[in-house]
Number of protein chains: 2
Amino acid sequence: MPRAERERQMLDAAVRVFGERGYRAASMDEIAELAGVSKPLVYLYLNSKEELFTACIRREAQALVAAVRAGVRTDVAADRQLWDGLTAFFAHTAEHPDGWAVLHSQARSGGEPFVAEVGVARDEIVAFVTALIAEAAGEAHQDPVRAEREVAGLAQAVVGAAEALAGWANTDPSVSAREAATTMMNFAWSGLGNLMAGRRWSVPS
Amino acid sequence: MPRAERERQMLDAAVRVFGERGYRAASMDEIAELAGVSKPLVYLYLNSKEELFTACIRREAQALVAAVRAGVRTDVAADRQLWDGLTAFFAHTAEHPDGWAVLHSQARSGGEPFVAEVGVARDEIVAFVTALIAEAAGEAHQDPVRAEREVAGLAQAVVGAAEALAGWANTDPSVSAREAATTMMNFAWSGLGNLMAGRRWSVPS
């Protein structure tokens, strides 16, 4: 078996074990067994538990960011872009619950170097959402100075809301990615004020 | 000095050190020194580093939940209640940055028992927001079955957005609690769709 393929199997097993048990409780024995290799081989390939966990975070973060980017076309309206990005985000987190657990919860349980590793990917998603909102705000000819600061806050709010909804959706298998994305759009685009008055957001054709 | 007062000083020092360094990197020597007491006295009062950290989480969580509850009167419109609750929330997190760091970031760095401890307080805030949205949705005579599930998701989104904004506001001292709450209301109540069209939320009189 080629080295890259073998390494992929080890990372698959590691993401599953780290995602379920957290950094400290995860055992290298269990990871090796699940990957179907010997423990020395895991150390030979990935050096240490710390480097293995870092490799898991990096791989899962890159996959998530790539999935969101791939879901969005930039030649459509801002709400359509947001809807497409959210649908891609929730579909990915639902399909990779252990990867999401590693990024959202378990990375922090490991402490500072891992938190910083996740922070890089999160910053990339925040920047992506910031650009999206800024573009829409620019179209609306708002005061640019005030807008820039508010846009930064709004992007944080969007990302925080989506993270919380992904965690919630993953605890209830009956919540589909589409339902999570719809709830998120009704919240983020229409707002509670409209929603309470029965004015919902709907997918642009 | 009475025991309760001495214990409060130890907890103040512990929240500051845990908030800045995280659970593992925090040293009991530094906590004792900052509290102006001997290390054996800290162990006599709080038993162990684990129990001390748990006591910090519990105290800070109760203070945050109490501040939000105290800020909200239930005899006003839903958006006014949300505004009051958010203003109280951001004022509290801004005044207690170390307490917020303990709850939002550092508790997770300590692992499972601490995560569960924070989860209890977070569930209480989610329940509070859920009741608020459900009441507003009830007034709007929406389909109760569909509404109940969506309300649960919306409450998660509101809390996640507020958490992200509190973290963001605490990294930039020029962002006031009022500005964070205004950004949050513009987002949560008006929605990005209205905001981009220049229709902002304003504080009800």
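Everything discussed here concerns the structure shown above.
Here's what I pulled together on the structure shown here.

Conventions we followed
Residues numbered from 1 in each chain as written. Chains lettered and ligands numbered in written order. Predicted model: local features only at pLDDT ≥ 70, side-chain atom pairs only at ≥ 80, totals over all residues. Heavy atoms only, no water. Helix = DSSP H or I, 4+ residues; strand = E, 2+ residues; numbered from the N terminus. Buried < 20%, exposed > 50% of the residue type's maximum accessible area, 1.4 Å probe, protein only. Contact = heavy atoms within 4.5 Å. Buried area = accessible area lost by both parts, 1.4 Å probe. Salt bridge = Lys/Arg side-chain N within 4 Å of Asp/Glu carboxyl O. Polar contact = N/O pair within 3.5 Å; in protein donor to acceptor, adjacent residues only side chain to side chain. Nonpolar A, V, L, I, M, F, W, Y, C, P; charged D, E, K, R; others polar. Core = buried A, V, L, I, M, F, W, Y, C linked by side-chain atoms within 4.5 Å.

**Some words on the environment of Ala4 of chain A**
All names here are of chain A. Relative to the assigned elements, Ala4 resides in helix 1 (residues 3-21). Judged by relative accessible area, which is 60%, Ala4 ranks as exposed. Residues Ala4 and Tyr45 lie 41 residues apart in sequence; the distance between their C-alpha atoms is 9.9 Å.

**What to know about the interface of chain A and chain B**
With 44 residues of chain A at the contact, the number on the chain B side is 44 residues. Summing the contributions of chain A and of chain B, the shared interface buries around 3,800 Å²; its carbon and sulfur component is 59%. Ionic pairing is found between Arg149 of chain A and Glu179 of chain B, a salt bridge with its closest N-O pair at 2.7 Å. Summed over the shared surface of chain A and chain B, the result is 12 residue pairs in polar contact (both at pLDDT 80 or more). Elements represented by at least two residues in the side of chain A that touches chain B include exactly helix 6 (97-109), helix 7 (112-139), helix 8 (144-170) and helix 9 (177-196) of chain A. Counting residues per element, the side of chain A that touches chain B draws most heavily on helix 8 of chain A, which supplies 14 residues. Among the residues making up the side of chain A that touches chain B, the classes are represented as 20 nonpolar, 16 polar and 8 charged.

**Section: the nonpolar core**
Taken as a class, soluble globular proteins show a tendency for nonpolar side chains to be buried jointly. Residues Phe18, Phe90 and Leu192 of chain A together with Phe18, Phe90 and Leu192 of chain B are the most contacted members of the largest nonpolar core, which totals 139 residues. With residues near it in sequence (within four places) discarded, Leu192 of chain B still touches Leu82, Ile133, Leu154, Val158, Ala188 and Trp189 of chain A together with Phe187 of chain B.

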